[in-house]
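Here is how the chains run, residue by residue.
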Amino acid sequence: MTAAGRSERGALSIGMVLSQLRADFPEVTISKIRFLESEGLVRPARTQAGYRQFSERDVDRLRFVLSAQRDHYLPLKVIKEQLVAADRGVELALPEAGPTPKGVAGHGLPRASDFASGGEMRLTREEMLAAAGITPALLTEMEQYGLVRPGQAGFYDPDAVEIARTVRAVTAFGIEPRHLRALRSSADRQVDLLDQAVTPIARQRDPDAGARAEEMLRELAALSVRLHALLVKTGLRDVIGR
């Protein structure tokens, strides 16, 4: 067994912990576990060489944290307060899952893992048009208003295809790309806000700083998209009630 994967006296390496959690939380990553550690939600022991050694109790705490985030959308501050109380003898418990409100579960809102970067396929303009099912004129218009942006080399990624398909669906209701500029501006402001929140962490002189910043950015992105959707949903009540 390699040094990074060794287990002494029943302790678990971070890789072993990841394997245990993946069955119930397929989106969890080593960066996520390190991020939760940096936030003080789990405190694994360390070997003299600096390798993490997790206990089964640490794994149980991680399961609690991940469940609280995924199923109940509890903020880390609240989760941490519950864990502190548990350290004092209070039994850990999550709220009972009641009936699912209409339009909440299965809403298709992205989770933090959906914002992970990775090797994306690159499409030419012709491939983009075919995949999205749009005309060259519509693509040009979308680019004009900043809805779709090819990469520096002129290629498009799968997200651009999904944006184009969505815009195409919206235009069927008489809304043109130029009407969607406000959404582009809103998205850019949202990105700027999240960037400002994680930049101080990314600049820390710590080997794990980059991973923590990336994980925090994904978590914030998922929460901000959910919040935006809920704000639109509640705002539409006034429109429908006219």
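Residue numbering note: each chain is counted from 1, following its sequence as written. Where totals are concerned, whole chains, interfaces and linings use all residues; where local detail is concerned, this predicted model gives features only for residues with pLDDT of at least 70, and gives and counts side-chain atom pairs only at 80 or more. Only hydrogens and water are set aside; all other atoms, that is, all heavy atoms of the structure, feed into the side-chain values.

1. Observations regarding the overall build of the chain
Okay, so step 1: For helices the rule is a DSSP run of H or I covering at least 4 residues; for strands it is a run of E covering at least 2, with both sets numbered from the N terminus onward. The helix and strand tally for the chain stands at nine helices and two strands.
Okay, so step 2: Burial here depends on accessible area, computed with a 1.4 Å probe over protein chains only, as a share of the maximum for the residue type. Under 20% is buried, over 50% is exposed, and the range in between is partly exposed. In the chain, which comprises 242 residues, the proportion classed as buried is 30%.
Okay, so step 3: Carbon and sulfur atoms make up 54% of the accessible area of the chain, which amounts to about 15300 Å² in all. In these tables, accessible area is a Shrake-Rupley quantity obtained with a 1.4 Å probe, and a residue counts as shielded only by the protein chains included in the view.

2. Some words on the nonpolar core
Okay, so step 1: For our purposes a nonpolar core is just a set of buried Ala, Val, Leu, Ile, Met, Phe, Trp, Tyr and Cys residues, chained together by side-chain atoms within 4.5 Å. Val 17, Leu 21, Ile 33, Leu 36, Phe 54, Leu 62 and Ile 79 are the most contacted members of the largest nonpolar core, which has 27 residues in total.
Okay, so step 2: Those elements that place two or more of their residues in this core are helix 1 (14-22), helix 2 (30-38), helix 3 (56-72), helix 4 (76-87), helix 8 (181-202) and helix 9 (209-240).
Okay, so step 3: Composition of this core by domain shows at least three residues from each of domain 1 (14-88) and domain 2 (112-241).
Okay, so step 4: In this description, contact between two residues means that some pair of their heavy atoms is separated by no more than 4.5 Å. Beyond its immediate sequence surroundings of up to four residues, Val 17 is in contact with Leu 12, Ile 33, Phe 54, Val 59 and Leu 62.
Okay, so step 5: By size, the runner-up hydrophobic cluster in this structure holds 16 residues, among which are Ile 134, Val 148, Tyr 156 and Val 167. For each domain, the first and last residues come from an automatic or database assignment.

3. Some words on the side chain of Lys 32
Okay, so step 1: Turning to its location among the elements, Lys 32 is positioned in helix 2.
Okay, so step 2: For Lys 32, a relative accessible area of 5% puts it in the buried group.
Okay, so step 3: For Lys 32, the residues in contact, after removing those within four places along its chain, are Leu 66, Gln 69, Glu 215 and Glu 219.

4. Some points on helix 5 (residues 125-132)
Okay, so step 1: Inspection of helix 5 places Met 128, Leu 129 and Ala 132 among the buried residues, and these make up the whole buried set. Angular distribution of buried residues about the axis of helix 5 spans 100 degrees; they occupy a single face of the element. Residues Glu 126 and Ala 130 are exposed on helix 5 and point more than 90 degrees away from its buried face.
Okay, so step 2: Where the residues of helix 5 are buried, they touch helix 6 (136-144) and helix 7 (158-171). The directions from the helix axis to the C-beta atoms form the arc being described.

5. Observations regarding the packing of helix 2 against helix 3
Okay, so step 1: Axis lines are fitted through C-alpha atoms, for helices just across the contact stretch, and the angle between N-to-C directions can take any value from 0 to 180 degrees. Where helix 2 contacts helix 3, the two axes come as close as 12 Å, and the packing angle between them is 100 degrees. Relative to helix 3, the element helix 2 is oriented roughly perpendicular. Contact residues: Lys 32, Ile 33 and Leu 36 in helix 2; Leu 62, Val 65, Leu 66 and Gln 69 in helix 3.
Okay, so step 2: As a working rule, the residues Ala, Val, Leu, Ile, Met, Phe, Trp, Tyr, Cys and Pro are called nonpolar, Asp, Glu, Lys and Arg charged, and the rest polar, with Gly in that last group. Among the residues making up the contact of helix 2 with helix 3, the classes are represented as five nonpolar, one polar and one charged. The cut-offs work like this: below 35 degrees is roughly parallel, past 145 is roughly antiparallel, 65 to 115 is roughly perpendicular, and the gaps in between are oblique.

6. A closer look at the packing of helix 1 against helix 3
Okay, so step 1: For the pair helix 1 and helix 3, interaxial distance at closest approach is 11 Å and the crossing angle is 45 degrees. Considering the angle they form, helix 1 stands oblique to helix 3. Seen from above, helix 1 lies across helix 3 with right-handed handedness. Contacts from Val 17, Gln 20 and Leu 21 of helix 1 reach helix 3 at Glu 56, Val 59, Leu 62, Arg 63 and Leu 66.
Okay, so step 2: Of the residues contributing to the contact of helix 1 with helix 3, the split by class is five nonpolar, one polar and two charged. Crossing handedness: left-handed means the near helix sits turned counterclockwise from the far one by under a right angle, and right-handed means the same turn made clockwise.

7. Let's talk about the pattern of salt bridges
Okay, so step 1: We define a salt bridge as a contact between a side-chain nitrogen of Lys or Arg and a carboxyl oxygen of Asp or Glu at a distance within 4 Å. Per the counting criterion, the structure on display carries 17 salt bridges.
Okay, so step 2: Ionic pairing is found between Asp 87 and Arg 57, a salt bridge with its closest N-O pair at 2.7 Å. With Asp 87 in helix 4 and Arg 57 in helix 3, this pair connects stretches of sequence that are 30 residues apart.
Okay, so step 3: Between Asp 188 and Arg 149 there is a salt bridge, with its nearest N and O atoms 3.3 Å apart. You can see Asp 188 sitting in helix 8 and its partner Arg 149 sitting in the loop between helix 6 and helix 7, a full 39 residues away along the chain.

So, to be careful, I would describe these as geometric facts and stop short of saying anything about function.
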